[in-house]
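Here is how the chains run, residue by residue.
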Amino acid sequence: MSFANDRPSTFPSASVEVHGGFDRDDWASGYFNVEQELNDVALRPLRGKLPAELCGSLYRNGPARFERGGQSLHHPFDGDGMITALHFSKGEVLLSNRFVRTEGWLEEEEAGRYLYRGVFGTQKPGGVFANIFDVRFKNIANTHVVRLGDQLLALWEAAGPHALDPVSLETHGLSSLNGVLKPGEAFSAHPRFDPGHHGEPCMVTFGVKTGPTSKIRLMEFATQGPDAGRLISDRSDSFSGFAFLHDFAITPNWAVFLQNAIDFKPLPFLLGQKGAAQCLTSKPGARAKFWLIPRNSGAFAGQSPRILDAPDGFVFHHLNAWEEGDEVVVESIYYRDYPSIEPDQDFLSMDFDLIPEGQLTRCRINLLGKGIETKRFGDRCCEFAMVNPRRQGLSARYSWMAVAERETGYAPLQGIKKLDLINGDKCLWSAAPRGFVGEPFMVPRPGSDAEDDGWVLVQAWNGASCATELVILNADDLSEQAVLEMPTPIPYGLHASWVAAD
Ligand code: CO
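Residues numbered from 1 in each chain as written. Predicted model: local features only at pLDDT ≥ 70, side-chain atom pairs only at ≥ 80, totals over all residues. Heavy atoms only, no water.

> Is there a simple way to explain the overall build of the protein chain in this structure?
For the protein chain, the helix and strand inventory stands at four helices and 35 strands. Whereas a compact globule of 502 residues would reach a radius of gyration of roughly 23 Å, the protein chain reaches 22 Å, a difference of no more than 12%. Along the longest, intermediate and shortest principal axes, the C-alpha atoms of the protein chain span 60 × 60 × 45 Å. Evaluated residue by residue, the protein chain yields a buried proportion of 59% over its 502 residues. Within the protein chain, counting contacts between residues at least 6 apart in sequence, those at least 24 apart form 60% of the total. In the form shown here, the protein chain has an accessible surface area of approximately 20000 Å², with 51% of it arising from carbon and sulfur atoms. Taking the average location of the 47 positive side-chain charges in the protein chain and that of its 64 negative ones, the two points are 3 Å from each other. (Helix = DSSP H or I, 4+ residues; strand = E, 2+ residues; numbered from the N terminus. Rg over C-alpha atoms; globule rule 2.2 N^0.38 Å. Buried < 20%, exposed > 50% of the residue type's maximum accessible area, 1.4 Å probe, protein only. Contact = heavy atoms within 4.5 Å. Areas by Shrake-Rupley, 256 points an atom, 1.4 Å probe, with all protein chains shown as cover. Lys, Arg positive; Asp, Glu negative; His and termini not counted. Charge placed at Lys NZ, Arg CZ, Asp CG, Glu CD.)

As structure tokens, this is what we get:
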């Protein structure tokens, strides 16, 4: 099922380092500056046929600027965000891509060099003395992109959203969401879309202000009709301790947060030696906690949050959560430790063997305080897992995720796995040895109730042709439905969302 093998290589690398079945140069070649911004250019069909019922837009955000003025980024997460839109209609796919015109991006374009430090360790040119006590951040708007009302929002969790035009991708600027957000207020890059099993469909999201205590603002926005974009629920809660909260999960009654057992020691950041995210360290002896905040639309509205012990380890992303009797069940991708890249190495030269692998783990949290039961789903390294969006917040049978080719240990993501969360059955599609993938997005077939009926849209970097491909898999068995080549190479992206055609 490999897509890279059956075409001649146009990018033979001079020194092929085989590491767990992939070529490191192929992997590294997927990080590059995007120089071209296109408007509605058709993808070139390579194989298969586009499903006629697949109509809508896939929006993906991701860093697309990795070098400026001869300086390379220390970590890809420090790269400026670019939106790639794929519009599916009438049997073809059109691509538009555009950098988010953040204030920092515009200043640095003008200057031709980096003017801001990156959270993940990129420093300004000029060494420690150019960076010391400079705690200004550039809102790089690079993590996620979602549609809310008539706006597209480019998200970056440490500051506010940028509003864009959903068709032209033109940046309108930072948005307060009609006065909901204060200037500079943090707004998560991981909203969850409640399909409305127990109320109206809505977007649930949060902002966190952390330090010795952490304050979480939980917000819900209408997503339907003329009210779309209106704030319909708002509550704030304080918790003791530092929290790094990249993602959360929802059920009809709860918003589920995991406070990882890590600490923030900002001195090396203030002294200009490290990026802020490099100052996160494991906190030996500390317990991770689940923070469950009652949703205002649910049965526990107005009550205090529940705080319960959580297993050791580190989590960026959750898959899903649901309720079962006295239990809240949450599935997350666990790492045994926080994966940091130290100041003396850049990400392209990192030692994969030192990076912990992500493993999907289910935690059953007993709300009556009777403890937690955990179950791990296999050893294979995975990330970016999702369920059918209609099952968000309910128990789901199936999940789709990006996985490594090797069965144990850390390695770049090269395949897609469909996992049956009930009986453990799985099927795999692989782009190895020369292809690499990002987050898969599952689009349900319109009008179908079968949970695994639909398609999985995958953005894949083909190290052999140095091109980015859109791979469309059938969601039930991961058979290849179609493969199309993008008209310009697009680097590895981060999170995507789907907007069905009206
Ligand atoms: Co994320």
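> Just checking my understanding: could you explain the coordination of the cobalt ion for this structure?
Geometry reference: four tetrahedral donors at a metal, ideal angle 109.5 degrees. Six octahedral donors, ideal angles 90 or 180 degrees. Distances from the cobalt ion to its protein donors, namely H190 (NE2), H246 (NE2), H317 (NE2) and H495 (NE2), fall within the range 2.0 to 2.1 Å. For the cobalt ion, the four donor atoms in the first shell make angles of 90 to 158° at the metal, a pattern classed as irregular. Along the chain, the residues donating to the cobalt ion fall in the pattern H-x55-H-x70-H-x177-H. Of the two residues, H190 is situated in the loop between β11 (171-174) and β12 (192-194) and H495 in the loop between β34 (480-485) and β35 (496-500); the sequence distance between them amounts to 305 residues. For H190, a relative accessible area of 7% corresponds to the buried category. (Donors = N, O, S within 2.8 Å, 3.2 Å for Na, K, Ca; no water. Tetrahedral: all angles 85-135°; square planar, octahedral: opposite > 155°, others 65-115°.)

> Please explain the sheet that holds β11 as it appears in this structure.
Each strand in a sheet pairs with its neighbour through backbone hydrogen bonds, running either in the same direction (parallel) or in the opposite one (antiparallel). Strand order in the open sheet formed by four strands is β8-β9-β10-β11, and the pairing between neighbours is antiparallel. Of all the strands in the sheet, the pair left with one neighbour each is β8 (144-148) and β11. Going from strand to strand, the sheet's axes swing by 25° on average, the running direction of each strand aside. Summarising the sheet, strand β10 (residues 162-164) and β11 pair through three bridges and their orientation is antiparallel. Residue pairing for β11: A163 is matched across the bridge by G173. (Pairing = 2+ DSSP bridges. Axes fitted to C-alpha atoms, helices over the stretch in contact; angles between N-to-C directions.)

> Would you take a moment to explain the packing of aromatic side chains for this structure?
Aromatic ring pairs are described here by two measures, namely the spacing of the ring centres and the angle between the planes. Per the stated rule, a full pass over the model turns up 23 aromatic pairs. Judged by centre distance (6.0 Å) and plane angle (80°), the ring pair of F316 and Y335 falls under edge-to-face. Of this pair, F316 sits in strand β22 (residues 314-324) while Y335 is found in strand β23 (residues 327-335), placing the two residues 19 residues apart along the sequence. Across this residue pair, the class does not change: F316 and Y335 are buried. Taken together, the ring pairs connect F22, W27, Y31, F66, F347, F352, Y410, F436 and Y492 into an aromatic cluster. For K375, the ring lying beneath its charged end belongs to F377, and the centroid distance is 5.1 Å. Looking at K418, its charged tip hangs above the ring of Y398, at a distance of 4.2 Å from the centre. (Phe/Tyr/Trp six-rings, centres within 6.5 Å; stacked < 30°, edge-to-face > 60°. Lys NZ or Arg CZ within 6 Å of the ring centre and 35° of its normal.)

> I keep staring at the nonpolar core and nothing clicks. Help me out?
L86, F88, V437, V456, L457, L470 and I472 are the most contacted members of the largest nonpolar core, which totals 59 residues. Sort the elements by how many residues they give to this core and strand β32 (residues 454-462) lands first, with six residues. Those residues in contact with I472, other than ones at most four positions away along the chain, are L50, P51, L54, F88, W455, V456, L457, S479, E480, Q481, A482 and L484. By size, the runner-up hydrophobic cluster in this structure holds 27 residues, among which are F120, L319, A385 and A396. (Core = buried A, V, L, I, M, F, W, Y, C linked by side-chain atoms within 4.5 Å.)

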